[in-house]
Amino acid sequence: MAYSAPNHGPAEIERLRTQVAACTACADLPLGPRPIVQIGAGARILIAGQAPGRRTHLAGRPFDDASGVRLRHWLGLDEATFWDPAKVAILPMGFCYPGTGRSGDLPPRPECALRWRQLLLDALSNVRLTVVIGRHAQAWHLPETIGLSLAESMQDWRARWPGTILLPHPSPRNAGWFRRNAWFETELLPVLRARVARLLGDLSS
Ligand code: SF4
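Residues numbered from 1 in each chain as written. Predicted model: local features only at pLDDT ≥ 70, side-chain atom pairs only at ≥ 80, totals over all residues. Heavy atoms only, no water.

(A) A look at the site of the ligand. The full set of residues close to the ligand is Cys-23, Ala-25, Cys-26, Pro-35, Phe-95, Cys-96, Cys-112 and Trp-116. Residues that form the shell around the ligand fall into these classes: 8 nonpolar, no polar and no charged. (Near = heavy atom within 4 Å. Nonpolar A, V, L, I, M, F, W, Y, C, P; charged D, E, K, R; others polar.)

Here it is as structure tokens:
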């Protein structure tokens, strides 16, 4: 049988988006399935996150909260650009709100990544920078860092640059980490913002 190359165009992205939107594989989710992803064929930046929180589940779009405000500041993006699927793809490890446990939100549903992640990553063929946020996304995208602390994992960020960057979760709960790691703000973020601006402004990057 002749090899046929995968279709990575807008039609394939739309087909996958429709399939994801209809997914009900996890029937026991506390608020029911409501997959929240942002994908577009032209997206040059991928944000690989964790899973929607309750507020995001209700709002229906990713990072529509205090964490999102900080993440947009880190990336140097306004809201219109951040939520433009033609520019930025947002793929959490689990697409639906997994519920809350005694110490915060539950982990992303593992069956979600197994079912969808590689299909969507393969279709996002224009991505030039993957922004990895949270330990579950870190384990998938940067398996060599499993077992290391966040600070240890981020120390050699230049070795993965410019294709991938690991960030702390922008949640206000991590304010202590931000204070203890001031180098992140002064050394890493200016480089990140410049790369993001170049990627979204110059199609030859
Ligand atoms: S978490 Fe993923 S696999 Fe489960 S219902 Fe939502 S989209 Fe489907």
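And the narrative resumes.
(B) Representation of the side chain of Thr-56 in the model. Within the fold, Thr-56 resides in helix H2 (residues 54-59). The class of Thr-56 is buried, set by a relative accessible area of 5%. Once residues within four sequence positions are removed from consideration, Thr-56 is found in contact with Ile-36, Arg-61, Pro-62, Phe-63, Asp-64 and Asp-65. (Helix = DSSP H or I, 4+ residues; strand = E, 2+ residues; numbered from the N terminus. Buried < 20%, exposed > 50% of the residue type's maximum accessible area, 1.4 Å probe, protein only. Contact = heavy atoms within 4.5 Å.)

(C) Region of interest: the sheet that holds strand S5 (residues 129-133). Taking strand neighbours across the sheet as the criterion, the 4 strands line up as S2-S1-S5-S6 in an open arrangement whose pairing is parallel. Of all strands in the sheet, those with a lone pairing partner are strand S2 (88-92) and strand S6 (164-167), marking the two edges. Each adjacent strand pair in this sheet contributes to an overall mean axis angle of 20°, direction not counted. Here helix H5 (residues 110-123) sits on the sheet and contacts strand S1 (45-49) and S2; the angle it forms with S2, its principal contact strand, is near 165°. Lying over the sheet, helix H10 (residues 182-201) contacts S1, S5 and S6, oriented at roughly 135° with respect to S6. (Pairing = 2+ DSSP bridges. Axes fitted to C-alpha atoms, helices over the stretch in contact; angles between N-to-C directions.)

(D) Just helix H1 (residues 10-21), in detail. When the terminal C-alpha atoms of H1 are compared, their 16 Å separation across 12 residues agrees well with the 16 Å that a helix rising 1.5 Å per residue should span. Of all the positions in H1, only Glu-12, Ile-13, Leu-16 and Val-20 are classed as buried. Taken down its axis, H1 places every buried residue within 100° of arc, on the same side. Opposite the buried face of H1, by more than 90 degrees, sit the exposed residues Pro-10, Ala-11 and Ala-21. Of the surrounding elements, those touching the buried residues of H1 are H5. (Expected span 1.5 Å × (residues − 1). Arc of directions from axis to C-beta.)

(E) Geometry of the environment of Leu-58. With respect to the secondary-structure elements, Leu-58 resides in helix H2. C-alpha of Leu-58 to C-alpha of Leu-31: the two residues are 27 residues apart in sequence and 9.5 Å apart in space.

(F) Summary view of the packing of H1 against H5. One can describe the packing of H1 onto H5 by two numbers: an axis separation of 10 Å at closest approach and a directional angle of 155°. When the interaxial angle is binned, H1 and H5 end up roughly antiparallel. The handedness of the crossing between H1 and H5 is left-handed. Contact with H1, carried on its side by Glu-12, Ile-13, Leu-16, Gln-19 and Val-20, involves Trp-116, Leu-119, Leu-120 and Ala-123 of H5 and no other residues of that element. Its residues assigned to classes, the contact of H1 with H5 comprises 7 nonpolar, 1 polar and 1 charged. (Parallel < 35°, antiparallel > 145°, perpendicular 65-115°, else oblique. Left-handed = near helix turned anticlockwise from the far one by under 90°.)

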